[in-house]
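Survey of secondary and tertiary structure
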Amino acid sequence: MNLSEQTSAEETDRGVAGQWLRNAWYYAMPAHNLKPRSTVHRTILGEPVLIGRDAAGEVFALRDTCPHRGTLLSRGVFDGHEVECPYHGWRFDTAGRCTAIPSQAAHQRPQPSDVRAEAFLADERHGNIWIHVGRNRTAAGPAPEVPILGDRPQLHLSMVFECDLDLAVVGLMDPAHGAFVHRSALWRSKASIHEKTKSFSPVDRDGTLGWRMDRHAASRNSRAYQLLLGGRPETEITYLMPSVRIEHATTGRYTYCGLTACTPLDAKRTEVHHVMYWDVPLASLLKPLIRRVAWNFLDQDRRAVLMMRDGLAFDPPTMLIRDADTQARWYFRLKREVLAAEAANRRPQNPITSMTLTWRS
Ligand code: FES
Ligand SMILES: [Fe+2]
């Protein structure tokens, strides 16, 4: 096989690099960080977002700029029912309806019924808050489901990668960097590299496309599982567009579920969230250690991705090889399909077919 057969241009990122899939759920924050009757400010896809929890405990989200003069609404007062802008006291309910414009006499326009703050979809499940900032709200399926181990994650950590979403997602899913980037006593060594063959299947969850690395025995050189589950489990990994990875590992006795979700804050910053669920009593005692190991691991990924970002700034020719880079190809292929389906106002079709991939790691 020659080089051009191994890397065909239409399977790389041309055309879709840097574009966002807007009509999708993005991870915003762990649910326990949002108290009733409070709001927080976030940036998602470059949009200012106010996320709040009302007096009844329901999560909601509004564009965090006042329709009057643009002040951040999240800097105002929220009484559990309405947000009051700190500048001129215009009030908005949790659906974005304006309920008061204190400066207006009765005969003047606008009146509250003429004004609306934009509302975004918000979804709370399994201890996570997801936000959908797209315009096509009616087409939004449910936020990603995690194979459930209770509604409160054992651990959440997040880190900002100073790069765009594509680089963060593709960098994290890469299967061949472990021995080089995560070289440490607790993880993998170069000497442990061996050939692996994994089978993959397409996934379509209510129109959200992705793929799955089918259930298989976890790698012999993966010491993290030994630390967490005390043995070598079977594991299954699901990727959902645009930026969700769900890992489900079980020894039969104990189970671990890891959710990794990347949220584009803007074109140059991506927040990576890692949420862990487990039912291993001993692991809960080891939580501070697990947090430290997971943080170091994520930071190694961050530094690797930034080195790639710095190289790519020179716009070099690059290649996505088979099979080690096939998942990166799938990511771009699915991204193109989702964008094309959106433009044509049709349901996206998963172009991935079941196959096995072989690489050494
Ligand atoms: S800017 Fe918000 S009320 Fe005037
Ligand atoms: Fe990694």
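Calculation notes
Residues numbered from 1 in each chain as written. Chains lettered and ligands numbered in written order. Predicted model: local features only at pLDDT ≥ 70, side-chain atom pairs only at ≥ 80, totals over all residues. Heavy atoms only, no water. Axes fitted to C-alpha atoms, helices over the stretch in contact; angles between N-to-C directions. Helix = DSSP H or I, 4+ residues; strand = E, 2+ residues; numbered from the N terminus. Parallel < 35°, antiparallel > 145°, perpendicular 65-115°, else oblique. Left-handed = near helix turned anticlockwise from the far one by under 90°. Contact = heavy atoms within 4.5 Å. Nonpolar A, V, L, I, M, F, W, Y, C, P; charged D, E, K, R; others polar. Domains from an automatic or database assignment. Buried area = accessible area lost by both parts, 1.4 Å probe. Polar contact = N/O pair within 3.5 Å; in protein donor to acceptor, adjacent residues only side chain to side chain. Buried < 20%, exposed > 50% of the residue type's maximum accessible area, 1.4 Å probe, protein only. Pairing = 2+ DSSP bridges. Salt bridge = Lys/Arg side-chain N within 4 Å of Asp/Glu carboxyl O.

**Here we look at the packing of helix H2 (residues 165-173) against helix H6 (residues 287-312)**
Two elements in contact, H2 and H6, have axes separated by 10 Å at closest approach and are oriented at 125 degrees. The orientation of H2 with respect to H6, classified from their angle, is oblique. You can see that H2 and H6 cross each other, and the crossing is right-handed. Across the interface between the two elements, Leu167, Ala168, Gly171 and Leu172 from H2 touch Leu298, Asp301, Val305, Met308, Arg309 and Leu312 from H6. Its residues assigned to classes, the contact of H2 with H6 shows 7 nonpolar, 1 polar and 2 charged.

**Focus on the domain arrangement of the protein**
Along its sequence, the protein is organised into domain 1 (25-133) and domain 2 (155-360). Computed over C-alpha atoms only, the centres of domain 1 and domain 2 are separated by 33 Å. The interface of domain 1 with domain 2 comprises 11 residues on the first partner and 15 residues on the second. Contact between domain 1 and domain 2 buries roughly 1,000 Å² in total, counting both sides, with carbon and sulfur atoms accounting for 63%.

**Examining the side chain of serine 74**
Here serine 74 shows up in the loop between strand E4 (59-63) and strand E5 (77-78). Of the polar contacts made by the side chain of serine 74, one reaches the side chain of aspartate 64; its length is 2.5 Å.

**Things to note about the pairing of strand E16 (residues 255-266)**
Where burial is concerned, most of E16 is hidden: 11 out of the 12 residues are buried. Two elements, strand E15 (residues 244-250) and E16, share 7 bridges in a ladder whose sense is antiparallel. Following the sheet pairing, alanine 249 is matched in E16 by tyrosine 256. Hairpin remark: E15 followed by E16, antiparallel, with 4 residues in the connecting loop; positive phi at glycine 252, about 95 degrees. Where E16 and strand E17 (residues 269-278) come together, 10 bridges link them in antiparallel fashion. The residue of E17 that forms the bridge with threonine 260 is histidine 274. Linkage of E16 to E17, two consecutive antiparallel strands, is achieved through a turn of 2 residues.

**Details of the pattern of salt bridges**
Across all of its chains, the model carries 21 salt bridges by this definition. Note that arginine 346 and glutamate 337 form a salt bridge whose closest N and O atoms lie 2.7 Å from each other. In this structure, a network of salt bridges that share partners links the residues Arg22, Glu47, Arg63 and Glu118.

**Quick notes on the environment of histidine 41**
The topology assignment puts histidine 41 in strand E2 (residues 38-44). Of the residues examined, histidine 41 reaches a relative accessible area of 32% and is grouped as partly exposed. It is 9.6 Å that separates the C-alpha atoms of histidine 41 and arginine 63, two residues lying 22 residues apart in sequence. Setting aside residues up to four positions removed in sequence, histidine 41 forms contacts with Pro48, Val49, Asp64, Leu72 and Ser74. Among the polar contacts made by the side chain of histidine 41, one reaches the side chain of aspartate 64 at a distance of 2.7 Å.

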